[in-house]
Amino acid sequence: MDLLNTLVDKGLRRELPTREEALAVLATSDDELLDVVAAAGKVRRQWFGRRVKLNYLVNLKSGLCPEDCSYCSQRLGSKAEILKYTWLKPDDASKAAAAGVAGGAKRVCLVASGRGPTDKDVDRVSETISAIKEQNEGVEVCACLGLLSDGQAGRLREAGADAYNHNLNTSEATYGDICTTHDFSDRVSTVQQAQAAGMSACSGLIAGMGESDADLVDVVYALRELDPDSVPVNFLIPFEGTPLAKEWNLTPQRALRILAMVRFVCPDIEVRLAGGREVHLRSMQPLALHLVNSIFLGDYLTSEGQAGKDDLAMIEDAGFEVEGTDTTTLPEHRRQGCGEGACASEDAGEDADEPAAVAAPSEDTRRDLVSVRRRGAGTELPPNA
């Protein structure tokens, strides 16, 4: 189809699709799905071959968050029966990270609930980063600690943090619908602080919160403008006890279309398949590897993922290979600091008409697929890696 040929050509040239084209990807039918995956897969292979980068999450501090993000099981007022604990000691966090590295993870992501770190928290995380890097040669460390205050990004960079994650999550127009304790601009500012300090920026989205196609396109275009090196795509995990517990809006087919749209808009950026993949993609997860070039290994922050050995088997069975620490993830032109203005056409068209609304979920939604994490960091049980 002409749309897909156009998008492939643009992706191979690192040219930004129009908004109408991005919306059209989300509006394709299930009959066209494999064509969409194949087209986006050509773009993925152009810039990343058949490599899959593995990332491993360590939840340094679980629950007890004062923010009211509606999607989060750790939010203020959450009744989700998740693990709750205060800061892990650096040695304990390093041991948890080592399990992921042993399983093949190239990057360790250190996450802590809360609005943002205190200076003491930054000191604590800095010690953890040092411990991890001393024990695991070549591993990348990404910090995700919330909103940053002046000078904190620089301190984390000096401590050895390679990257900083702070997701935009949804469009600016609808951000107030999911959170009232901070706003969209706060998140943008934190990503920019991380970039200014010399860290690789990691910022993504959450799909499945009841947003429109236009909202999805808007947040991905906002991410493209920020120009992060990696874009995690999360699919809402509807935890019982959170305001969005009844939001079951995704099918495996829609999740794949969303990933394809992100790939077309961000052709040469590390697109990471993140939380919720087991819940919403289910048996179609291997198809997603043709769209993304990065996944999380094993468990997430407060939910369990599929077994790490199954992740590795899935990658091999689908004909892909795990990216080693001796391989640089990003294509050379991005490593040389080529920015959006110099590397890509900013050919953004006018907004298209709003696509038809997604059908409401049936009563047979698979709530049994949401499994609260009970192992790994914060427990005495071995982690899943």
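Here the structure is a predicted model, which is why all the values come from computation and not from measurement. Along each chain, numbering runs from 1 in the same order as the chain's sequence is written. At least 70 in pLDDT is required for a residue's local features to be given in this predicted model, at least 80 for side-chain atom pairs to be given and counted, and no such filter applies to totals for whole chains, interfaces and linings, which use all residues. Computation of side-chain values covers all heavy atoms of the structure but excludes hydrogens and water.

Chemist: Looking at this structure, I do not really get the pattern of salt bridges. What am I missing?
Modeler: Pairing of side chains with opposite charge becomes possible as their charged atoms draw close. Any Lys or Arg side-chain nitrogen found within 4 Å of a carboxyl oxygen on Asp or Glu counts as a salt bridge. By the definition in use, this model includes 25 salt bridges. A salt bridge links Arg334 to Asp268; the nearest nitrogen and oxygen atoms lie 3.9 Å apart. Note that Arg334 is positioned in helix H14 (residues 332-335) and Asp268 in the loop between helix H10 (252-265) and strand S8 (270-273), a separation of 66 residues in sequence. An identical accessibility class is assigned to Arg334 and Asp268; each is buried. One salt bridge in this structure joins Asp299 and Arg375, with 2.8 Å as the shortest N-O distance. Taken together, the residues span a long stretch of sequence, with Asp299 in the loop between strand S9 (294-296) and helix H13 (308-317) and Arg375 in the segment after helix H15 (340-343) at a distance of 76 residues. For every residue, the accessible area obtained with a 1.4 Å probe (protein chains only) is divided by the maximum for its type, and the residue is called buried under 20%, exposed over 50%, and partly exposed between those limits. Here Arg375 falls in the partly exposed class, since its relative accessible area comes to 23%. Among the charged side chains, a salt-bridge network with shared partners connects Arg14, Asp227, Asp229, Asp268 and Arg334. Each helix corresponds to a stretch of at least 4 residues labelled H or I by DSSP, and each strand to a stretch of at least 2 residues labelled E; elements are numbered beginning at the N terminus.

Chemist: Explain the pairing of strand S7 (residues 230-235) to me, please; I cannot follow it from the model alone.
Modeler: The side chains of a regular strand alternate between both faces of the sheet. Within S7, 6 of the 6 residues are buried, which leaves the element mostly enclosed by the surrounding structure. Pairs of strands are assigned from DSSP output, requiring at least two bridges between the strands. Bridging between strand S6 (residues 205-207) and S7 involves 3 bridges; their strand directions are parallel. Bridging from a neighbouring strand, Ala207 pairs with Phe235 of S7. Handedness rule for crossovers: strands pointing away from the viewer, path from the first strand over the helix to the second running clockwise, crossover right-handed. For the crossover from S6 across helix H9 (residues 213-226) to S7, the handedness is right-handed. Pairing between S7 and S8: 4 bridges, direction parallel.

Chemist: Looking at this structure, how should I read the UniProt feature "domain: Radical SAM core" (unreviewed entry) in the protein?
Modeler: As recorded in UniProt, the feature "domain: Radical SAM core" (unreviewed entry) lies at residues 47-277. From the first C-alpha to the last, residues 47-277 spans 23 Å; its make-up is 37% helix and 18% strand. UniProt positions are given in the numbering used here, feature names are shortened, and annotations may be inferred rather than shown by experiment.

Chemist: It is not clear to me how the environment of Gly63 should be interpreted in this structure. Could you clarify?
Modeler: Positionally, Gly63 belongs in the loop between strand S1 (51-61) and helix H4 (90-102). A relative accessible area of 0% places Gly63 in the buried class. Distance from Gly63 to Arg75, taken between C-alpha atoms, is 7.0 Å for residues 12 residues apart in sequence. The contact criterion used throughout is that any non-hydrogen atoms of two residues lie within 4.5 Å. Dropping the residues within four chain positions of it, Gly63 is found in contact with Gln74, Ile82, Leu83, Lys84 and Ser113.

Chemist: Sorry if this is basic, but what is going on with H13 here?
Modeler: Because each turn of an α-helix spans 3.6 residues, side chains separated by three or four positions in sequence point in the same direction. What H13 keeps buried is the set Gly308, Asp311, Met314 and Ile315. Down the axis, H13 shows its buried residues gathered within 120° of arc, on one side only. In H13, the exposed positions angled more than 90 degrees off the buried face are occupied by Lys309, Glu316 and Asp317. Next to the buried residues of H13 lie S1, helix H11 (277-280), helix H12 (285-288), S9 and strand S10 (321-322). Positioned one or two residues after H13, Gly319 has a phi angle of 90°, which is positive. In this description, one arc is meant: the one made by directions from the helix axis to the C-beta atoms.

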